[in-house]
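Single-letter residue listing:
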Amino acid sequence: MHIRTTIVAAVASLSIAGTGLGQLSFEFTDSGQELGNRNSRSIAVGDLDGDGDLDAMVANGGDPNAIWFNDGTGVFTESSQVLADEMSLSVTLGDLDGDGDLDAVCANYYGLPNTVWLNDGTGFFDGPVQDLGNGWSVQGVLGDLDLDGDLDLVVTNAGAPNTMWRNDGGGVFTEFFQFDADLSYSAALGDLNGDGLLDVVVANYEDPNTIWLNNDGVLFTEASTFGNNRSTDVALGDLDGDGDLDVMVANEAQPNRVWTNDGTGVFSETDAFGGWNSWAVGLGDFDEDGDLDAMIANCCGPKNQVYTNDGTGSFTETQSFGENSNSYGLALGDFDGDGDPDAMIANSNAANTVWFNTVQGACCIYGVCTQLDVAGCQNIGGEYVGGNCVDAFCESAAPTGACCVSSGCTVNTESACTDLGGTWTEDGECDDCPATCAGDTNGDGTVDVFDLLAVIDDWGTCP
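Quick caveat: nothing in here was measured; it's all calculated off a predicted structure. (Residues numbered from 1 in each chain as written. Predicted model: local features only at pLDDT ≥ 70, side-chain atom pairs only at ≥ 80, totals over all residues. Heavy atoms only, no water.)

Participant: I tried to follow the overall build of the protein on my own but got confused; where do I start?
Facilitator: Per the secondary structure count, the protein includes 4 helices and 33 strands. Of all 463 residues assigned to the protein, the portion counted as buried reaches 51%. Residue pairs at least 24 apart in sequence account for 42% of intrachain contacts in the protein once pairs closer than 6 positions are excluded. For the protein, the exposed surface amounts to about 19,700 Å²; the carbon and sulfur share of it is 51%. (Helix = DSSP H or I, 4+ residues; strand = E, 2+ residues; numbered from the N terminus. Buried < 20%, exposed > 50% of the residue type's maximum accessible area, 1.4 Å probe, protein only. Contact = heavy atoms within 4.5 Å. Areas by Shrake-Rupley, 256 points an atom, 1.4 Å probe, with all protein chains shown as cover.)

Participant: It is not clear to me how the side chain of N326 should be interpreted in this structure. Could you clarify?
Facilitator: Mapped onto the fold, N326 is located in the loop between β25 (315-321) and β26 (327-333). Among the polar contacts listed, one links the side chain of N326 to the backbone nitrogen of C300, at a separation of 2.9 Å. The contacts of N326, once residues within four sequence positions are left out, are N298, C299, C300, G301, A346, N347, S348 and N349. (Polar contact = N/O pair within 3.5 Å; in protein donor to acceptor, adjacent residues only side chain to side chain.)

Participant: I tried to follow the pattern of salt bridges on my own but got confused; where do I start?
Facilitator: As enumerated under the stated definition, the model contains 4 salt bridges in all. Residue R166 is joined to D146 by a salt bridge in which the shortest nitrogen-to-oxygen separation is 2.8 Å. Taken together, the residues R166 in strand β12 (residues 162-167) and D146 in the loop between β10 (137-143) and β11 (152-157) connect sequence positions 20 residues apart. The partly exposed category is assigned to R166, whose relative accessible area is 25%. Between E252 and R230 there is a salt bridge, and its shortest N-O distance comes to 3.1 Å. Separated by 22 residues along the polypeptide, E252 in the loop between β19 (246-251) and β20 (256-261) and R230 in the loop between β17 (220-226) and β18 (231-237) bring together distant segments of the chain. When its relative accessible area of 11% is taken as the criterion, E252 is described as buried. (Salt bridge = Lys/Arg side-chain N within 4 Å of Asp/Glu carboxyl O.)

Participant: How should the packing of aromatic side chains be read in this particular structure?
Facilitator: In this description, a pair of aromatic rings is defined by centroid distance and the angle of the planes. Tallying each qualifying case throughout the model produces 21 aromatic pairs. Seen in terms of ring centroids, Y185 and Y205 are 4.9 Å apart; in terms of plane orientation they differ by 25°. Their pairing is stacked. Of this pair, Y185 sits in strand β14 (residues 184-190) while Y205 sits in the loop between β15 (199-204) and β16 (209-214), and the two are 20 residues apart along the sequence. Assigned by exposure class, Y185 and Y205 land together as buried. Pairing F226 with W259 gives two aromatic rings, centres 5.1 Å apart and planes at 65°, and the pair type is edge-to-face. Here F226, found in strand β17, pairs with W259, found in strand β20; they are 33 residues apart in sequence, far enough to count as distant. (Phe/Tyr/Trp six-rings, centres within 6.5 Å; stacked < 30°, edge-to-face > 60°.)

Participant: How should I be thinking about the pairing of strand β5 (residues 76-83) in this particular structure?
Facilitator: Walk down a regular strand and you will see the side chains alternate between the two sheet faces. For strand β4 (residues 65-70) and β5, the ladder comprises 5 bridges, and the chain directions are antiparallel. Bridging from a neighbouring strand, N70 pairs with F76 of β5. If you look at the hairpin formed by β4 and β5, you'll find 5 residues sitting between the two strands, and G72 has a positive phi there, around 100°. (Pairing = 2+ DSSP bridges.)

Participant: I tried to follow the layout of surface pockets on my own but got confused; where do I start?
Facilitator: Rolled over the atoms, a probe sized like a water molecule indicates the empty space that remains. In this structure, the largest pocket encloses a volume near 1,200 Å³. Taken together, 44 residues form the lining of the largest pocket, with S42, Q139, V141, S186 and D233 sitting closest to its centre. Contributing elements (two or more residues each) for the lining of the largest pocket: β2 (40-46), β6 (88-94), β10, β14, β18, β22 (278-284) and β26. Tallying contributions element by element places β10 first for the lining of the largest pocket, with 6 residues. (1 Å grid on protein atoms, 1.4 Å probe; cavity = no way out; pocket = protein on both sides within 12 Å on 5 of 7 lines; lining within 4 Å. Points joined across faces, edges and corners; volume = space filled by probe spheres on them.)

Participant: Explanation requested: the state of the cysteines in the structure shown.
Facilitator: What is meant by a disulfide is a covalent connection between two cysteines, made through their sulfur atoms. This model, assessed by the stated rule, comprises 6 disulfides. Each sulfur in the disulfide pair C409 and C430 lies 2.0 Å from the other. Between C409 and C430, the S-S dihedral sits near -75°, and the bridge is therefore left-handed. Here C409, found in strand β32 (residues 408-413), pairs with C430, found in the loop between β33 (423-426) and α4 (449-457); they are 21 residues apart in sequence, far enough to count as distant. Classification of C409 as partly exposed rests on a relative accessible area of 26%. By relative accessible area, which is 32% here, C430 ends up partly exposed. (Disulfide = S-S within 2.5 Å.)

Below you can see the structure in the form of structure tokens.
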């Protein structure tokens, strides 16, 4: 019982500190792993070997691409297989041939053809089974453009038109559309105007970014341009909570920007943040509050950054991390199986790194709530309910109240208070307890000679 009393008192103290702002606490911490050191440019994650956890494929510029298998706890081991491409700037994963496992497309630079690799289901890849163009490619993205049930491909190129490739369902691609002739670094696919078709947003380095609306799965129309230039990456997500897809753009030598959608594919700039050499952006709910937060990978000096969303699409920096490692790519996913998104960072001048996200949600123990991570909550015998303590209801097996003891006050159950020799008031407050002092032996509110005489009168006796 005394152990329980101590825990409840400690948790009550933690609860006050943890919920003062009504916000969840989270932090990305370095796992200590170093995954290769090969001028990495991009990372894609997915279950490559069919064991239920997220593995990783890394695109390396100047070295073969690499595969890293996850043991289920977020610890990665490099596969014995390497993909022979030697100038890949990105890799994207998807089931290209309809056999239920994840295949890969590598976008290659220096005029080398892009390549298609088919997975045998165990994380080992056959290929390249097809070469696609030779346009000094920067990135490939997959999506069902023509609504025939398989994944098609969009490739952004530097100094040549971007290209779209239609999949025949078996992982064989045929080029069917060219668009833009800019220095395009990135693209993202999503239904921007609510017609059920995947549209394309392109991040351009030398010209404004462009939006291409899908007419019928075959023809695409440039609908608008936005921003100015020097954009390096783009991501789509509902950033302001209105149910449509908004745009976040990573920029070099200027702030990153948020563009919100009016629901018809018309965008307005609503936020600008950072100001570094940003090269990759990832979106995920890092703090479990129901909206999309952002992680930015920065190159050439500044650390990588985490920004939290207030729910309206306005972002505030909450963490910077890394060691100025010229980060060019990132991938988000639950690597350690604890339910929140972690991060893997691709670095060009250092080893790639894995960062675990620790979310502190509402933890109930003996009717008291504190903000703790899942493991910490379980370690003290609590029930992890997530969210904010200010919103959580923690049912208590017994009512708590103010327990007045000679040394002060705690909030406890009646039985715990009795064990402490205190006076208990259900739903009472510690302000209701009379001010006491251990030296005031006669209880007159003053420590003086009369307290000493009372001790002398009782010397050697104990009632």
